[in-house]
Amino acid sequence: MNPNSEDTTRTIESLYHASVSPVRQSEALTTGEVPVAVYGLGKMGLPIAASFAALTGNVTGVDIDPDVVERINDGVSPVRGEPGLADAVERTVADGSLSASTDAADAASEASVHVVIVPTVIREDGSPDLTALEQVVPAIGTGLDPGDVVLIESTVPPGTCSEVVRPTLEAESGLSLGEFGLAFCPERTASGTALSDIRGTYPKVVGGADAESTRVASLVYGELTENAVVPVSDATTAECVKVFEGVYRDVNIALANEIARASGELGIDTLEAIDAANTLSVCDIHRPGPGVGGHCIPYYPRFLLSRAPDARLVRTAREVNESMPAFTVEKLREQLREAGGEVADARVLVLGVTYRPGVEETRESPAYPIAAELDDAGATVFAADPMLDEMPGLRATPASIDELTSLDLDAVVVVTPHEEFDRIEWSAFDDLVVVDGRDAYDLDGTTHRVYTLGRY
Ligand SMILES: NC(=O)c1ccc[n+]([C@@H]2O[C@H](COP(=O)([O-])OP(=O)(O)OC[C@H]3O[C@@H](n4cnc5c(N)ncnc54)[C@H](O)[C@@H]3O)[C@@H](O)[C@H]2O)c1
Ligand SMILES: CC(=O)N[C@@H]1[C@@H](OP(=O)(O)OP(=O)(O)OC[C@H]2O[C@@H](n3ccc(=O)[nH]c3=O)[C@H](O)[C@@H]2O)O[C@H](CO)[C@@H](O)[C@@H]1O
């Protein structure tokens, strides 16, 4: 008799220590016998929920924001700028694969695979703020049943699964690890390409609190991704993988920024030198810029520093990157002075407000400290960004691309070169001081006074 023949007739509702074959477990996941809940329906959570819904047909998405839940239940994606997401939400809600709720405990009691992707941020003092995780994990604990598995995708300080998540789940459920599973499975997607990234741009790293958790996480993501699954020794190792990726980027950008700042002392175009150095296969110096934004790269070094405070290079890299907005404004002051002007009398445009081109996100964008410092110095500050309908908190008057020539500008600071800015006719302005923080524009054919970060 086929050893798996009995499997095909047995329904299962959970995967951890499931007593049927892996093939039958995969089938139970992809046919919706094993209910999935996704907690946090933001820029990453909603694409994940929609992806799991398309895979399994049985997902409850949970968010604390009732507006988010209402819109999703109406089949409308509250997250913009993700190709394919609006259609995926409309489709999966319409066919009943995805529904949303504000009630985490209720969703937890129904689900047996729990995917957590709530925001993890930092406080003013740079310490990790895990409030959302600390809210949702106890609620999951109250609904946890034997056989359930909790998969944490939010980026967290190393040790969070073993020191915070596991004890909370155990305390709230009355169960012990071994009766339920727990794994850290970092989200390696980026805003703007979330759906395709989830489906497999990069291998999926998984690290369980025990071997069975790693096995179940591998099985689940083996179905979701078209790429490989990379199991690592434990949850803390997987937590470190994600944090190290961000730290690598932050430190590397800081190196590029230090090199660019030294271009004056060195008397060379450091961007040219970086490009030439990068022709060596082991050399990958990143690009300098007016600052490092978003809610990933600026935060993850702080997650590492919360556990390894003596990591001096990591701390210094943060300091270097955090100093770049002020350095950019200083360069503008210098250039204005050399042109015979003063920042206090200048009408200055901040070009690009989001933290990188093509995304709507403004968190940690260097545009904010740059606009604030210019405003403090007495400048009249404008800001243009085609991605944003509003710019709350920005100390600048919003301006549309088509009205820029009528603003009587003295200077432009290029922070984020969205492709929509390619239609700006630079020769239509009277002489400007341009501080190009991104090496975005070739203004050689104009009479503008240009400082490009790293070039002079
Ligand atoms: N955005 C990215 O590019 C990216 C990439 C990889 C990893 N991450 C990580 O993913 C996590 C989520 O990031 P995001 O960009 O989706 O965040 P986000 O701010 O876009 O969305 C978070 C969502 O979670 C909801 N939420 C907040 N507290 C909650 C709670 N207690 N219970 C349920 N829902 C809650 C919010 O209402 C919001 O809808 C973070 O840890 C982040 O570091 C983000
Ligand atoms: C390694 C990587 O790509 N990780 C991505 C990253 O995505 P991101 O959306 O945060 O974008 P980045 O491109 O990293 O930019 C961040 C800021 O750094 C500035 N910058 C960048 C490169 C450079 O050479 N010089 C710079 O100055 C840039 O302008 C911006 O302000 O984090 C996500 C969450 O963890 C990841 O999932 C995602 O894979």
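Note that the coordinates shown come from a computational prediction; the quantities given were computed from them, not determined experimentally.

J.: Could you clarify how one ought to interpret the packing of helix α2 (residues 45-56) against helix α4 (residues 85-94) in this entry?
T.: Helix-helix packing: each pair is described by the crossing angle between the helix axes and the interaxial distance. Close contact between α2 and α4 brings their axes to 10 Å; oriented N to C, the two are set at 50°. On the basis of the axis angle, α2 is oblique to α4. The two elements α2 and α4 cross, and the hand of that crossing is left-handed. Contacts from Leu-46, Pro-47, Ala-50, Ala-53 and Ala-54 in α2 reach Leu-85, Ala-88, Val-89 and Thr-92 in α4. Within the contact of α2 with α4, the residues separate by chemical class into eight nonpolar, one polar and no charged.

J.: Explain helix α13 (residues 300-307) here, please?
T.: Most of α13 sits out of view: six of its eight residues are buried. Listed as buried for α13 are Tyr-300, Pro-301, Arg-302, Phe-303, Leu-304 and Leu-305. Considering only its buried residues, α13 is in contact with β5 (121-122), β6 (128-129), α10 (235-261) and α14 (312-322).

J.: When you look at the site of ligand 1 in this model, what are you seeing that I'm missing?
T.: Close contacts around ligand 1 come from 27 residues, with Met-44, Asp-63, Thr-120, His-295 and Tyr-300 the closest. Within the contact set of ligand 1, an oxygen atom lies 2.9 Å away from a side-chain nitrogen or oxygen of Lys-43. Considering ligand 1 on its own, with 840 Å² of exposed area, one finds that the protein chains cover 91% of that surface. Take the shell around ligand 1: its biggest share by element is three residues, from helix α6 (residues 131-142). The residue inventory of the shell around ligand 1, partitioned by class, reads eleven nonpolar, ten polar and six charged.

J.: Just checking my understanding: could you explain the site of ligand 2 for this structure?
T.: Thr-189, Arg-249, Arg-287, Cys-296 and Tyr-355 are the nearest of the 17 residues found near ligand 2. Here an oxygen atom of ligand 2 sits 2.5 Å away from a polar atom, N or O, in the side chain of Arg-249. Tyr-355 is positioned with one of its side-chain polar atoms (N or O) 2.4 Å from an oxygen atom of ligand 2. Here ligand 2, which alone exposes 740 Å², has 81% of that area covered by the protein. The element best represented in the shell around ligand 2 is α10, accounting for three residues. Each residue belonging to the shell around ligand 2 can be placed in one class, and the counts come to seven nonpolar, four polar and six charged. Each of domain 1 (7-242) and domain 2 (324-452) gives at least three residues to the shell around ligand 2.

J.: Explain the pattern of salt bridges to me, please; I cannot follow it from the model alone.
T.: Two side chains of opposite charge can pair, provided their charged atoms sit close to one another. A complete count under the given rule lists 27 salt bridges for this structure. Between Asp-439 and Arg-455 there is a salt bridge, with its nearest N and O atoms 2.8 Å apart. Taken together, the residues span a long stretch of sequence, with Asp-439 in the loop between β15 (433-436) and β16 (449-452) and Arg-455 in the segment after β16 at a distance of 16 residues. Through salt bridges that share partners, Asp-269, Asp-275, Arg-287, Asp-439 and Arg-455 make up one connected network.

J.: Please explain the layout of surface pockets as it appears in this structure.
T.: The probe, sized like a water molecule, is rolled over the atoms to show the empty space still left. In this structure, the second largest pocket encloses a volume near 400 Å³. The wall of the second largest pocket is formed by 17 residues, among which Ile-122, Tyr-299, Arg-318, Glu-322 and Glu-364 lie closest to the centre. Across the lining of the second largest pocket, the residue classes break down as seven nonpolar, four polar and six charged. A domain split of the lining of the second largest pocket shows at least three residues from each of domain 1 (7-242) and domain 2 (324-452).

J.: So what exactly am I meant to see when it comes to the sheet that holds strand β7 (residues 149-152) here?
T.: Note: strands within a sheet are paired through backbone hydrogen bonds, in either parallel or antiparallel orientation. Strand order in this open sheet of eight strands is β3-β2-β1-β4-β7-β8-β9-β10, and the pairing throughout is mixed. Each edge of the open sheet carries a strand with a single partner, namely β3 (98-101) and β10 (229-231). In this sheet, adjacent strand axes meet at a mean angle of 25° when their direction is disregarded. Relative to β10, strand β9 (residues 204-208) runs parallel, the two being bridged by three bridges. The residue of β10 that forms the bridge with Val-205 is Val-230.

J.: Help me understand the domain arrangement of the protein chain in this model?
T.: When the domains of the protein chain are assigned, the result is domain 1 (7-242) and domain 2 (324-452). Between domain 1 and domain 2, the C-alpha centre-to-centre distance is 41 Å. Summed over the three residues of domain 1 that lose the most area to domain 2, namely Lys-43, Arg-80 and Ser-191, the buried surface amounts to 75% of that side. Where Asp-389 meets Arg-80, a salt bridge forms, and the shortest distance between an N and an O atom there is 3.5 Å. For the interface between domain 1 and domain 2, the tally reads four residue pairs in polar contact (both at pLDDT 80 or more). Of the residues that constitute the side of domain 1 that touches domain 2, the class distribution is two nonpolar, two polar and two charged.

Conventions used here
Residues numbered from 1 in each chain as written. Chains lettered and ligands numbered in written order. Predicted model: local features only at pLDDT ≥ 70, side-chain atom pairs only at ≥ 80, totals over all residues. Heavy atoms only, no water. Axes fitted to C-alpha atoms, helices over the stretch in contact; angles between N-to-C directions. Helix = DSSP H or I, 4+ residues; strand = E, 2+ residues; numbered from the N terminus. Parallel < 35°, antiparallel > 145°, perpendicular 65-115°, else oblique. Left-handed = near helix turned anticlockwise from the far one by under 90°. Contact = heavy atoms within 4.5 Å. Nonpolar A, V, L, I, M, F, W, Y, C, P; charged D, E, K, R; others polar. Buried < 20%, exposed > 50% of the residue type's maximum accessible area, 1.4 Å probe, protein only. Near = heavy atom within 4 Å. Polar contact = N/O pair within 3.5 Å; in protein donor to acceptor, adjacent residues only side chain to side chain. Areas by Shrake-Rupley, 256 points an atom, 1.4 Å probe, with all protein chains shown as cover. Domains from an automatic or database assignment. Salt bridge = Lys/Arg side-chain N within 4 Å of Asp/Glu carboxyl O. 1 Å grid on protein atoms, 1.4 Å probe; cavity = no way out; pocket = protein on both sides within 12 Å on 5 of 7 lines; lining within 4 Å. Points joined across faces, edges and corners; volume = space filled by probe spheres on them. Pairing = 2+ DSSP bridges. Buried area = accessible area lost by both parts, 1.4 Å probe.

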